[in-house]
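Fold and geometry: a report
Residue strings, one per chain:
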Amino acid sequence: MSRSVLPVLTVVGFIFVLWYAAAVWLNAPWAYDKATRTGEVLTFSRVVEDTWSQEKPKLPAPHQVGAEIWKTTVEKKITSKRSLIYHAWVTLSATLLGFALGTGLGILLAVGIVYNRTMDMSVMPWVIASQTIPILAIAPMIIVVLNAVGISGLLPKAMISMYLSFFPVVVGMVKGLRSPDQMQLDQMRTWFASGSQMFWKLRLPASMPYLFTSLKIGMAASLVGAIVGELPTGAVAGLGARLLAGSYYGQTIQIWSALIMAAALAAALVGIIGVVQRVTLKRMGMA
């Protein structure tokens, strides 16, 4: 236990040291500027104290971000629009819907690509090319088009999440479905297995490790898509809306608290997929 925890704590501690040092470096000019105007002579300890307690710092100190997260989670009702949990739930709902749509689309495309040479030659290049378009460029287009046909709210954000999450699923599933070697395929044929039996008994089980790896990447991408989808809509709820509001009013502490919450949410979602992966592969005798 100590062998696994100690390296993690060491890395986290090193990050915190760098973070505090960077906060002093970036926030010091404002501290010196205030001191010049008031005629105060700053000692190093006074500079450190000031840079770690500014109201609108360029880079907030870790304890400032932690206090903001505590205030907006524990001290606020979940239904309050000032609650970070409320905003995280809004983003999470779009993330999960987009992830479900992206996973379904990705699996269907992968099956078609593996079993149909025409799709393999025509669809796969377009799937790859679709990811060369910057999401910041295409997100407003998707939202405008869907709003023009009367679709707004959760679905446009979910579509952007789907756009980002389906690609790793397609690539992973294609690789997984093609992972059985020729000897395994020939053995199934000697047993007179049908095409559907080869899919359900051989190709699909063999693709499971690839699928779960792709799902972890797709979940993280889906969360990014949901946050990006909130930016061009002028949303008033969601982690993207918190980031946008913080940037408008120079509330860097609010921005960082939303970023940390998004990172924690992504870690939790990927962790859940990891648990499901271990249970599933163990029951299949593959772990």
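**Quick look at the overall build of the chain**
Within the chain, the secondary structure is distributed over 11 helices and 0 strands. When the helices and strands of the chain are placed in sequence order, the string is α-α-α-α-α-α-α-α-α-α-α. The C-alpha radius of gyration computed for the chain amounts to 24 Å, which surpasses the reference 19 Å derived for 287 residues by more than 25%, pointing to a less compact arrangement than a globule. Counting only C-alpha atoms, the chain reaches 90 × 55 × 35 Å along its principal axes. Expressed as a percentage of its 287 residues, the buried residues of the chain come to 42%. Contacts spanning at least 24 positions in sequence make up 73% of the contacts within the chain whose residues lie at least 6 apart. Accessible surface, the chain: about 16,400 Å² in total, of which carbon and sulfur atoms supply 70%.

**Remarks on the pattern of salt bridges**
Side-chain pairs of opposite charge can arise whenever the charged atoms involved come near each other. Applying the stated criterion across every chain, the model contains 6 salt bridges. Salt-bridge contacts for Glu68 lead to Arg242; the nearest nitrogen and oxygen are separated by 3.8 Å. Pair noted here: Glu68 is in helix α3 (residues 62-73) and Arg242 is in helix α10 (residues 239-248), with a separation of 174 residues, a long-range link. The two residues Glu68 and Arg242 agree in class, both being buried. What emerges from the salt-bridge pattern is a single network uniting Glu68, Lys71 and Arg242.

**Remarks on the environment of Leu204**
In this structure, Leu204 sits in helix α9 (residues 195-230). Each C-alpha atom, one on Leu204 and one on Gln187, is 16 Å from the other, the two residues being 17 residues apart in sequence. Setting aside its immediate chain neighbours within four residues, Leu204 contacts Met173, Leu177 and Phe199.

Cut-off values and rules
- Residues numbered from 1 in each chain as written.
- Predicted model: local features only at pLDDT ≥ 70, side-chain atom pairs only at ≥ 80, totals over all residues.
- Heavy atoms only, no water.
- Helix = DSSP H or I, 4+ residues; strand = E, 2+ residues; numbered from the N terminus.
- Rg over C-alpha atoms; globule rule 2.2 N^0.38 Å.
- Buried < 20%, exposed > 50% of the residue type's maximum accessible area, 1.4 Å probe, protein only.
- Contact = heavy atoms within 4.5 Å.
- Areas by Shrake-Rupley, 256 points an atom, 1.4 Å probe, with all protein chains shown as cover.
- Salt bridge = Lys/Arg side-chain N within 4 Å of Asp/Glu carboxyl O.

Treat this as a map of the structure, not an account of what it does.
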